[in-house]
Amino acid sequence: MTGGDALAALLNRVAAGDGEPAHFTERELAEWPAAAIAQLKAAGLLVKGSPADVVRCPGCEEDCAMPVETAKTASGKLRVFVVCDRREDVARVPILRDQLEQWTSSPERVADGLARLLGSRRSNDDRVGRRWEVGVLKGAKGSAHVVLGIDGGLRLAIAGHSLSVTDVLELGDRGLTLDR
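About the criteria used
Residues numbered from 1 in each chain as written. Predicted model: local features only at pLDDT ≥ 70, side-chain atom pairs only at ≥ 80, totals over all residues. Heavy atoms only, no water. Helix = DSSP H or I, 4+ residues; strand = E, 2+ residues; numbered from the N terminus. Buried < 20%, exposed > 50% of the residue type's maximum accessible area, 1.4 Å probe, protein only. Contact = heavy atoms within 4.5 Å. Pairing = 2+ DSSP bridges. Axes fitted to C-alpha atoms, helices over the stretch in contact; angles between N-to-C directions. Phe/Tyr/Trp six-rings, centres within 6.5 Å; stacked < 30°, edge-to-face > 60°. Lys NZ or Arg CZ within 6 Å of the ring centre and 35° of its normal. Arc of directions from axis to C-beta. Salt bridge = Lys/Arg side-chain N within 4 Å of Asp/Glu carboxyl O.

Asks: Got a minute to help me understand the side chain of Gln-39 in this structure?
Replies: With respect to the helices and strands, Gln-39 occurs in helix H3 (residues 34-42). According to the relative accessible area criterion, Gln-39 is buried, its value standing at 19%. If we skip the residues at most four places from it in the chain, Gln-39 touches Leu-171, Gly-172, Asp-173, Arg-174 and Gly-175.

Asks: Any chance you could explain the sheet that holds strand S8 (residues 102-105) here in plain terms?
Replies: Note: strands within a sheet are paired through backbone hydrogen bonds, in either parallel or antiparallel orientation. Spatial strand order, S1-S8-S2: three strands in an open sheet with antiparallel pairing. For this open sheet the edge positions go to strand S1 (22-25) and strand S2 (47-48), each flanked by a neighbour on one side alone. Direction of pairing for S1 relative to S8: antiparallel, over a ladder of four bridges. Looking at S8, one finds that Ala-22 is bridged to Ser-105. In the packing of helix H1 (residues 3-16) onto the sheet, contacts are made with S1 and S8, and the angle to S1 comes to roughly 135°.

Asks: What is the right way to look at the packing of aromatic side chains in this model?
Replies: Note on aromatic pairs: each is described by the distance of the centres and the angle between the planes. What the rule picks out here adds up to one aromatic pair. On the basis of an interplanar angle of 65° and a centroid distance of 5.6 Å, the ring pair of Phe-24 and Trp-32 is categorised as edge-to-face. Comparing Phe-24 with Trp-32 shows no difference in burial state: the two are buried. Sitting over the ring of Trp-103, Lys-41 keeps its end group 3.8 Å from the ring centre. Across from the ring centre of Phe-81, 4.1 Å away, lies the NZ or CZ of Arg-92, which sits over that ring.

Asks: Could you clarify how one ought to interpret H3 in this entry?
Replies: Every α-helical turn comprises 3.6 residues, leaving residues that sit three or four positions apart pointing alike. Every buried residue of H3 is listed here: Ala-36, Ile-37, Gln-39 and Leu-40. Seen end-on, H3 carries its buried residues on one side only, within an arc spanning 165°. Away from its buried face by more than 90 degrees, H3 exposes Ala-34, Ala-35 and Ala-42. Where H3 is buried, its residues contact H1, helix H2 (26-29), strand S14 (169-172) and strand S15 (175-178). Phi turns positive, to about 85°, at Gly-44, one or two residues after H3.

Asks: Just to check I follow, could you spell out the pattern of salt bridges for this structure?
Replies: Pairs may arise between side chains of opposite charge once their charged atoms sit close together. As enumerated under the stated definition, the model contains three salt bridges in all. In this structure, Arg-13 and Glu-28 form a salt bridge, with 2.2 Å as the shortest nitrogen-oxygen distance. With Arg-13 in helix H1 and Glu-28 in helix H2, the pair connects residues that are 15 residues apart, well separated along the chain. Using a relative accessible area of 29% as the deciding quantity, one classes Arg-13 as partly exposed. By relative accessible area, Glu-28 is classed as partly exposed at 22%.

Asks: In this structure, what is going on with the sheet that holds strand S7 (residues 92-94)? I would like to understand it.
Replies: With respect to topology, three strands assemble into an open sheet ordered S5-S6-S7, the strand pairing being antiparallel. In this open sheet, the two edge strands, each paired with only one partner strand, are strand S5 (69-72) and S7. Within this sheet the neighbouring strands show an average axis-to-axis angle of 45°, counted without direction. Where strand S6 (residues 78-83) lies against S7, three bridges are found, and the strand directions are antiparallel. Looking across to S7, one finds that Val-83 is bridged to Arg-92.

Asks: Would you mind going over the environment of Leu-169 with me for this structure?
Replies: Topologically, Leu-169 is positioned in strand S14. The exposure class of Leu-169 is buried, given its relative accessible area of 6%. Residues Leu-169 and Asp-53 lie 116 residues apart in sequence; the distance between their C-alpha atoms is 32 Å. In contact with Leu-169, not counting residues within four places along its chain, are Leu-7, Leu-11, Leu-114, Leu-117, Leu-176, Thr-177 and Leu-178.

Listed below in structure tokens is the structure:
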């Protein structure tokens, strides 16, 4: 997987969320290039999220999504586990901390990143439906609003044109860049 593949995976997951934040587990990100993760975090597209309250149970081959349970031992140590109610030979299954840690991204984060790359400011209350105002792009013959939307993927609308974000955003050796 390359940095471009990681960026595409992030953008596709954000688009699939239909406006809701997308979550990425530590284990999932461990399969991505470390440099790409660092660049996505530095660009603000990937931020630390709250711990997961549902995880994939590692207790058997069924890979069920189960709610996370916690309990304190007599010594005060916190134990994290899932309770399997689907099989009789599995009961409490311990969960490692890296299974709980997750990172998040959202259309707002993508719009913020695009605005920074364009050198524009976003308004605080700019979401209308599944569209986020990115800013105003000024050219030699005028200016136009740049709007991020979800329509079969993340798309940028500018001056009556629509472009896929994956076509204009690149993650390379120099970090996140925008093809103007």
